[in-house]
Structure formats: C-alpha cells, structure tokens
Amino acid sequence: MPSVMEIYQLLPKTNCKKCGKTTCMAFAVDLLARKMSIEDCPPLKEEKYRAGYAKLNELIIPVGNVTETGFLVHEDKCIGCGNCVVACPVNVVADPEGTGSGRAPTNDKVILVIKDGIVRPVNIHECRRFGPNKTLCYACIDTCPTKAIEFV
C-alpha cells in the first residue's frame, strides 16, 4: 500500500480546491483512505498531470471485494500460506487447539481461514480492529509475505 507522501508527490500540488479539499495533502489522505477517488481531482485529467494520473491508477488498487469492515484481500497476491490465520490473536484465543497451536482452524469461531488457496474472512466483525474497544492490530498484515491483506 502506498504512503500518503507517495500519493501526494503524484498530485498537481496546486491546492486548487476543485476536489472539495483545502489542500492536495488533504486530498491525498482521503484518497489513501478510499474516501475519495482519483477522478475527484479535475486537474489530474489535464495533459500536464497525465503521468501522475497514470501512476496513481497503478498505486490505488480498486477496492473491489472489500468487506463492510474494510478488510481486503488481494487475491492475485495471496499464496494461501496461512501465516495470517495463525498470527491472528483472536483466532488463537477462539481456537487454541487449532490455530493457537499453529495448525488449521478446528472450529468456526475464527476470523480468517484459507479456502481454495486464498485467505477468507469468516467472522471479520470479531476482529480487534472493530467494535467499541477497537485496537489497531496488524498481526495479519505484518505476517503476510506478499502484502495481500490490507484494511481500507
């Protein structure tokens, strides 16, 4: 996933406010958070900014199969290794005999499973990132060798 600064560097940096934001940096933040799209910046469509527009289209991967919680698996990158499944703290607590022991899940209380060679969310609402006591957990993201998982 690109950084805010990588996105900002590809923008016109004119602070024209045509996107509705006060600065191009504010637009970059919202673009990264998927609150806005590349198309919301009219100057990017001008000839002199075409290179930035093209690069942004490569960097900002379409959100496609994102869950309502923002969990997204880039299926073309996932190799089904299962690192995320056994690293997930909620999976470990919910399934100590299976994922807690570094093996495949043994019950249906887990958040992530590997199905057909791809990680799939099952009970994603149980993730520590959601609910009243949310925590910014990165266990599944940090252990993914191909960077197939992100939260948008």
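This text goes with the structure placed above it.
Residues numbered from 1 in each chain as written. Predicted model: local features only at pLDDT ≥ 70, side-chain atom pairs only at ≥ 80, totals over all residues. Heavy atoms only, no water.

Details of the pattern of salt bridges
And step 1. Tallied over the entire structure, the rule returns 4 salt bridges.
And step 2. When the shortest N-O distance is used, the salt bridge between K45 and E39 registers 3.8 Å.
And step 3. Taking the relative accessible area as the measure of exposure, K45 reaches 36% and is therefore partly exposed.
And step 4. Relative accessible area serves as the criterion here: at 36%, E39 is assigned to the partly exposed category. (Salt bridge = Lys/Arg side-chain N within 4 Å of Asp/Glu carboxyl O. Buried < 20%, exposed > 50% of the residue type's maximum accessible area, 1.4 Å probe, protein only.)

Here's the deal with unusual backbone geometry
And step 1. Notably, K13 is not glycine yet its phi reads approximately 60°, a positive angle.
And step 2. Within the element layout of this structure, K13 appears in the loop between α1 (4-10) and α2 (24-32).
And step 3. In this structure, K17 is a non-glycine residue whose phi angle is positive, near 70°.
And step 4. Tracing the backbone shows K17 in the loop between α1 and α2. (Helix = DSSP H or I, 4+ residues; strand = E, 2+ residues; numbered from the N terminus.)

Quick word on the side chain of D30
And step 1. Along the chain, the position of D30 falls in helix α2.
And step 2. A distance of 2.7 Å separates a polar atom in the side chain of D30 from a polar atom in the side chain of K21.
And step 3. Beyond its immediate sequence surroundings of up to four residues, D30 is in contact with K21, K35 and M36. (Polar contact = N/O pair within 3.5 Å; in protein donor to acceptor, adjacent residues only side chain to side chain. Contact = heavy atoms within 4.5 Å.)

Considerations on helix α3 (residues 50-59)
And step 1. Within α3, the full set of buried residues consists of G52, Y53 and L56. In a view along the axis of α3, the buried residues occupy a sector of 100°, so they form one face of it. In α3, the exposed positions angled more than 90 degrees off the buried face are occupied by A51 and E58.
And step 2. On its buried side, α3 packs onto α1 and α2. (Arc of directions from axis to C-beta.)

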